[in-house]
Amino acid sequence: MLLEADDQVDTKFDNAVKVSRLLMEEYIKAGMTAVDMTMGNGKDTLFLLECVGKKGFVYAFDIQTQALQKTVERLKNSLFDNCSLINDSHENCGGYIAGGTVDVIVFNLGYLPGGNKNIFTRKETTTRALKSSLELLKPAGVIFLTAYITHDSGEEYEYVLNFVRSLPQMKYNTAVVRFENQINQPPVLIIIEKRNA
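Attention here is on the structure that accompanies the text.

Analysis parameters
- Residues numbered from 1 in each chain as written.
- Predicted model: local features only at pLDDT ≥ 70, side-chain atom pairs only at ≥ 80, totals over all residues.
- Heavy atoms only, no water.
- 1 Å grid on protein atoms, 1.4 Å probe; cavity = no way out; pocket = protein on both sides within 12 Å on 5 of 7 lines; lining within 4 Å.
- Points joined across faces, edges and corners; volume = space filled by probe spheres on them.
- Nonpolar A, V, L, I, M, F, W, Y, C, P; charged D, E, K, R; others polar.
- Phe/Tyr/Trp six-rings, centres within 6.5 Å; stacked < 30°, edge-to-face > 60°.
- Helix = DSSP H or I, 4+ residues; strand = E, 2+ residues; numbered from the N terminus.
- Lys NZ or Arg CZ within 6 Å of the ring centre and 35° of its normal.
- Axes fitted to C-alpha atoms, helices over the stretch in contact; angles between N-to-C directions.
- Parallel < 35°, antiparallel > 145°, perpendicular 65-115°, else oblique.
- Left-handed = near helix turned anticlockwise from the far one by under 90°.
- Contact = heavy atoms within 4.5 Å.
- Buried < 20%, exposed > 50% of the residue type's maximum accessible area, 1.4 Å probe, protein only.
- Pairing = 2+ DSSP bridges.
- Polar contact = N/O pair within 3.5 Å; in protein donor to acceptor, adjacent residues only side chain to side chain.
- Arc of directions from axis to C-beta.

## Here we look at empty space enclosed by the protein
Here's step 1: In this structure the tally under the stated criterion is 1 cavity of 30 Å³ or more.
Here's step 2: A volume near 40 Å³ is recorded for the largest cavity.
Here's step 3: Lining of the largest cavity is provided by V17, S20, M24, D44, V106, F107, N108 and T146.
Here's step 4: Within the lining of the largest cavity, the residues separate by chemical class into 4 nonpolar, 3 polar and 1 charged.

Rendered as structure tokens:
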């Protein structure tokens, strides 16, 4: 069947967030523990809660009070209350969560949509958060990181990419999903899987 010009096709692989959600839906099971390292407007926090269900748990971090407020608002009609919203930098995640207890971790780097664009994730704190995240993960746990190339001239993206490339193959599987034929440097999805010990 040929599509008419105004027919809408629900594509699955046209941006990093969609691809990460598809993969997370396949990976995350009820009862798992998840972490949203960049709470933002709470979309990923709610998505993770829906995936882990009432028997799971979600931690979410953000340094901005505005992000915490937006997430509380987003979650108020949710069926889930099994989460901890933490108004702190993701680099301090190890002070809130025990090592080896997390199944999935999500980063969505950049700035708060609709917020102050001068406040954004930075290469130093994100790298520290990634290092801590590797300690938090259980064996076979996965990190899904959406990186934006343009918000700081690509410094954070390059820094994170070099960090991921340096991870030892015997301990981690890594993958990078890019959208090669899209204009304006679209976000990139970086995946890190902790291998079984």
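## Some words on the packing of aromatic side chains
Here's step 1: One pass over the full model with this rule turns up 2 aromatic pairs.
Here's step 2: On the numbers, 4.9 Å between centres and 65° between planes, the contact of F57 with Y59 is edge-to-face.
Here's step 3: Where F61 meets Y96, the ring centres are 5.5 Å apart and the plane angle is 70°; that geometry is what we call edge-to-face. You can see F61 sitting in strand β2 (residues 57-61) and its partner Y96 sitting in the loop between β3 (83-86) and β4 (102-108), a full 35 residues away along the chain.
Here's step 4: For the cation-ring pair, R21 lies above F47, with the distance from its terminal atom to the ring centre recorded as 4.5 Å.

## Some details on the packing of helix α4 (residues 123-136) against helix α5 (residues 155-165)
Here's step 1: At a closest axis distance of 9 Å, the pairing of α4 and α5 adopts a crossing angle of 30°. When the interaxial angle is binned, α4 and α5 end up roughly parallel. Seen along the crossing, α4 lies across α5 with a hand that is right-handed. Residue-level contacts link K123, T126, T127, L130, K131 and L134 of α4 to E155, E156, Y159, V160 and F163 of α5.
Here's step 2: The class makeup of the residues in the contact of α4 with α5 is 5 nonpolar, 2 polar and 4 charged.

## Overview of the pairing of strand β7 (residues 188-194)
Here's step 1: Here β7 lies mainly inside the structure; 6 of its 7 residues are buried.
Here's step 2: Pairing of strand β5 (residues 137-147) with β7 involves 6 bridges; the strand directions are antiparallel. Looking across to β7, one finds that T146 is bridged to L189.

## Examining the side chain of D103
Here's step 1: Locating D103 in the fold gives a position in strand β4.
Here's step 2: One polar contact links D103 to K138, side chain to side chain, over a distance of 3.4 Å.
Here's step 3: Sequence-distant contacts of D103, defined by excluding residues within four places in its chain, comprise Y27, M32, T33, L137, K138, G141 and V142.

## Points about α5
Here's step 1: Where α5 is concerned, the buried positions are E156, Y157, V160, L161, F163 and V164. All buried residues of α5 project into a common sector of 160° when viewed along the axis, lining one side.
Here's step 2: Buried residues in α5 make contact with α4, β5, β6 (172-177) and β7.

## Concerning the sheet that holds β4
Here's step 1: The strand order β3-β2-β1-β4-β5-β7-β6 describes an open sheet built from 7 strands, whose pairing is mixed. The sheet is open, and its two edges are formed by β3 and β6, each paired on a single side. Direction aside, neighbouring strands of the sheet carry axes that sit 10° apart on average.
Here's step 2: In this sheet, β2 lies alongside strand β1 (residues 33-36) in parallel orientation, the contact comprising 4 bridges. Each bridged residue has a counterpart across the sheet, and for T33 the counterpart in β2 is F57.
Here's step 3: On the sheet, α4 packs against β4, β5, β6 and β7 and is oriented at approximately 150° with respect to β5.
Here's step 4: On the sheet, α5 packs against β5, β6 and β7 and is oriented at approximately 30° with respect to β7.

## Structural notes on the environment of I28
Here's step 1: Position of I28 relative to the elements: it lies in the loop between α1 (16-27) and β1.
Here's step 2: Along the backbone, I28 and L48 are 20 residues apart, and their C-alpha atoms lie at a distance of 8.4 Å.
Here's step 3: Ignoring any residue separated from it by four or fewer positions in sequence, one finds I28 in contact with L48, C51, V52 and V104.

These values are about where atoms sit, not about what they do.
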